[in-house]
Amino acid sequence: RYSTAAALEDPIKPPVSVQYSKLLINGQFVDAASGKTFPTLDPRSGEVIAHVAEGDAEDINRAVAAARKAFDEGPWPKMTAYERQKIMLRFADLVEKHNDEIAALETWDNGKPYEQSAQIEIPMFVRLFRYYAGWADKIHGLTIPADGPLHVQTLHEPIGVAGQIIPWNFPLLMFAWKVGPALACGNSVVLKTAEQTPLSALLVSKLFHEAGLPDGVLNIVSGFGPTAGAALCSHMDVDKLAFTGSTDTGKIVLELAAKSNLKSVTLELGGKSPFIVCEDADVDQAVELAHFSLFFNQGQCCCAGSRTFVHEKVYDEFLEKAKARALKRTVGDPFKAGIEQGPQIDQEQFEKILKYIKYGTESGATLETGGDRFGTKGYYIQPTVFSNVKDDMLIAKDEIFGPVQTVLKFKDLGEVIQRANNSRYGLAAGVFTHNLDTANTLMRALRVGTVWINCFDTFDATIPFGGYKMSGIGREKGEYSLKNYLQVKAVVTPLKNPAW
Ligand code: NAD
């Protein structure tokens, strides 16, 4: 594995070029009002990929005005649902056709293995859009048998202009989770992408317009959080806000929404998800799944299985095999075939992860393997495993967001339930057991938005996802996401002739 480090000195040339780097407002690619740009960097080297227009408050104003006009004057919310559905389906077809090009751009900007971009993220993006296109003509209200001679019905109407802010770990999936349901319901959107990964959203949005999306329905503003992001949260003409990112930023977002116009807010925030390996576990399978749950996407997943609780009966065997698995993990240039792990997103995250590794060693956890950068160029980190981790150590409490597995020992079910729930987060949990009673007990006792039993990271378009506690507010994906983007209007009329 370490023999590939030298190869990182000379990154593979990406098989794609950057075509779009401006803001997308009202169907046109435009410069930022200030004329400013910022560099987006290649995480394999820290070198500049492209200079991207840097939107700020003035550009958010322009984008919201375009979205408002597209909503108020149409045609998007006034089209038949079937017409909206056809445009979304044509878009999904176009993305599928351009799968490899989009995947290459995503890998270049984000650093995730090309095979994962091409075979997981883009196909899931396509599936999400087809799923929500399917909903477009199935959104309707109720007829309600109220007291009295009344005709009562509900209309499910789009909210209006949706502001959406996404992170850098899954730039395209986050785009799909947000834009798919918003547009299916007939809203218009202003999306602020993460400053680390602005490129793929611009490319797919261009394809959306080729598929027939009217101008102004989807506006993309690249830029930074405290400027463009905050302006979107505070805007008086934005009706709904959806955010994914850190819990600290989520609090700011909610406060800005409350201080401006009380726009409704959904938040997908951080996590410190337990992965619980029970005493009956097949250790080889448990090791593989626990490894996947933590290391997938360079460990940059909000729901990563970042507290690996292992029953004392299988602890020693598990640890030995988990360490061997981490040592076998292939780290390298994400454009190379067979690579499991590319670089972390940027210098800041790279340093933060190394700092947590240092905390782990200083606080008395045992460093089993890894613990340092990988190679000398770019933001690669060795797959790292800590054992003897105690609940009160920072590495067991904070979101590290990197390839660092922390293994904790437990004795019985009551104890592990209490410890797993002893977190400010409540996003997800993994449970590994073939004992039905154990699985049933854990699935009910864990205070989290998703419990994966003998699986992990199953992100089907139909399954709702979201957090308990400080992991967020609301659910995305599946039917549940639609209500984030709909208003319910009650309509009441007296019946002149109740008999009829
Ligand atoms: P972040 O929450 O600061 O950024 C996420 C998005 O919010 C970005 O688009 C950013 O520009 C925007 N943003 C930042 N400040 C804002 C503000 N004041 N107002 C409005 N929008 C704002 O996350 P980060 O700095 O990229 O990463 C920090 C940590 O967050 C990571 O180490 C990780 O622990 C966590 N994180 C979680 C997720 C997740 O999916 N839950 C994703 C990325 C990062």
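The preceding data block contains the structure.
Residues numbered from 1 in each chain as written. Predicted model: local features only at pLDDT ≥ 70, side-chain atom pairs only at ≥ 80, totals over all residues. Heavy atoms only, no water.

### Points about the site of the ligand
- As a matter of local geometry, the ligand sits amid 26 residues, with Trp168, Glu195, Ser246, Lys352 and Glu399 nearest to it.
- Between Trp168 and the ligand, the recorded distance is 2.6 Å, taken from a side-chain N or O atom to an oxygen atom.
- Between the ligand and the protein, one listed contact pairs an oxygen atom with a side-chain N or O atom of Gln349 at 2.9 Å.
- Against a free-state accessible area of 810 Å², the protein chains account for coverage of 90% of the ligand.
- More than half of the atoms of the ligand fall within 2 Å of the grid points belonging to the largest pocket.
- Ranked by residues supplied to the shell around the ligand, first place goes to helix α7 (residues 225-234) with four residues. (Near = heavy atom within 4 Å. Polar contact = N/O pair within 3.5 Å; in protein donor to acceptor, adjacent residues only side chain to side chain. Areas by Shrake-Rupley, 256 points an atom, 1.4 Å probe, with all protein chains shown as cover. 1 Å grid on protein atoms, 1.4 Å probe; cavity = no way out; pocket = protein on both sides within 12 Å on 5 of 7 lines; lining within 4 Å. Sits in = over half its atoms within 2 Å of the grid points. Helix = DSSP H or I, 4+ residues; strand = E, 2+ residues; numbered from the N terminus.)

### Examining the layout of surface pockets
- When its volume is computed, the largest pocket comes out at roughly 970 Å³.
- If you go around the largest pocket, you meet 38 residues; those closest to its centre are Trp168, Phe243, Gly245, Ser246 and Thr249.
- Looking at the lining of the largest pocket, the elements that each hand over two or more residues are α7, β10 (240-244), α8 (247-259) and α11 (347-362).
- A class-by-class count of the residues in the lining of the largest pocket yields 17 nonpolar, 11 polar and 10 charged. (Points joined across faces, edges and corners; volume = space filled by probe spheres on them. Nonpolar A, V, L, I, M, F, W, Y, C, P; charged D, E, K, R; others polar.)

### Here's the deal with the sheet that holds strand β5 (residues 143-144)
- The antiparallel open sheet is built from three strands, whose spatial order is β5-β6-β22. Strands at the two margins of the open sheet, each flanked by one partner only, are β5 and β22 (486-494).
- Relative to β22, strand β6 (residues 150-158) runs antiparallel, the two sharing nine bridges. Across the sheet, residue His151 finds its bridge partner in β22, namely Thr493. (Pairing = 2+ DSSP bridges.)

### Topic: the pattern of salt bridges
- Enumeration over the complete set of coordinates arrives at 28 salt bridges.
- The partner of Arg68 in a salt bridge is Asp72, and the shortest N-O contact between them spans 3.4 Å. On the criterion of helical spacing, the pair formed by Arg68 and Asp72 is a turn pair, its members being four residues apart in helix α1 (residues 57-73).
- A relative accessible area of 43% places Asp72 in the partly exposed class.
- Look at the salt bridges and you will find they share partners, linking Arg68, Asp72, Asp237 and Asp239 into a network. (Salt bridge = Lys/Arg side-chain N within 4 Å of Asp/Glu carboxyl O. Buried < 20%, exposed > 50% of the residue type's maximum accessible area, 1.4 Å probe, protein only.)

### Let's talk about the environment of Val277
- Tracing the backbone through its elements, the reader meets Val277 in strand β12 (residues 274-277).
- Val277 gets classed as buried once you look at its relative accessible area, which sits at 1%.
- The sequence separation of Val277 and His311 amounts to 34 residues, and the corresponding C-alpha distance is 6.2 Å.
- When neighbours within four sequence positions are excluded, Val277 is seen to be in contact with Ala286, Phe309, Val310, His311, Val314, Phe318, Phe410 and Phe432. (Contact = heavy atoms within 4.5 Å.)

### What about unusual backbone geometry?
- Note the cis peptide between Gly74 and Pro75, where omega equals 15°.
- Positive phi is not limited to glycine here, since Gln298 has a value of about 65°.
- A positive phi angle, close to 60°, is found at Phe401, a residue other than glycine.
- Residue position: Phe401 is located in the loop between α12 (394-397) and β16 (404-410).

### Observations regarding the sheet that holds β16
- The strand order β14-β15-β16-β13-β12-β18-β19 describes an open sheet built from seven strands, whose pairing is mixed. Bordering the open sheet on either side are β14 (366-369) and β19 (450-453), each of which pairs with just one other strand. Averaged over all pairs of adjacent strands, the angle between their axes in this sheet comes to 25°, without regard to strand direction.
- Across three bridges, β14 lies against strand β15 (residues 384-387) in antiparallel orientation. Pairing of Leu367 across the sheet is with Phe386, part of β15.
- Packed onto the sheet, helix α10 (residues 312-328) meets β12, β13 (307-311), β14, β15 and β16 and runs at close to 135° relative to β13.
- Sitting on the sheet, helix α13 (residues 413-421) touches β12, β13 and β16, and the angle it makes with β16 is about 145°. (Axes fitted to C-alpha atoms, helices over the stretch in contact; angles between N-to-C directions.)

### Here we look at the pairing of strand β7 (residues 161-165)
- With five of five residues buried, β7 is to be regarded as a mostly interior element.
- Burial along β7 is two-sided: Val161, Gly163 and Ile165 facing one way and Ala162 and Gln164 facing the other are all buried.
- In terms of strand pairing, β7 meets strand β8 (residues 188-192) through five bridges, oriented parallel. Along β8, the bridge assignment pairs Gly163 with Val190.
- Of the crossover connections in this fold, the one passing from β7 over helix α5 (residues 171-184) to the parallel β8 is right-handed.
- Pairing of β7 with β10, which is carried by four bridges, proceeds in the parallel orientation. Counted as the bridge partner of Gln164 is Ala242 from β10. (Right-handed = clockwise from strand over helix to strand, strands pointing away.)

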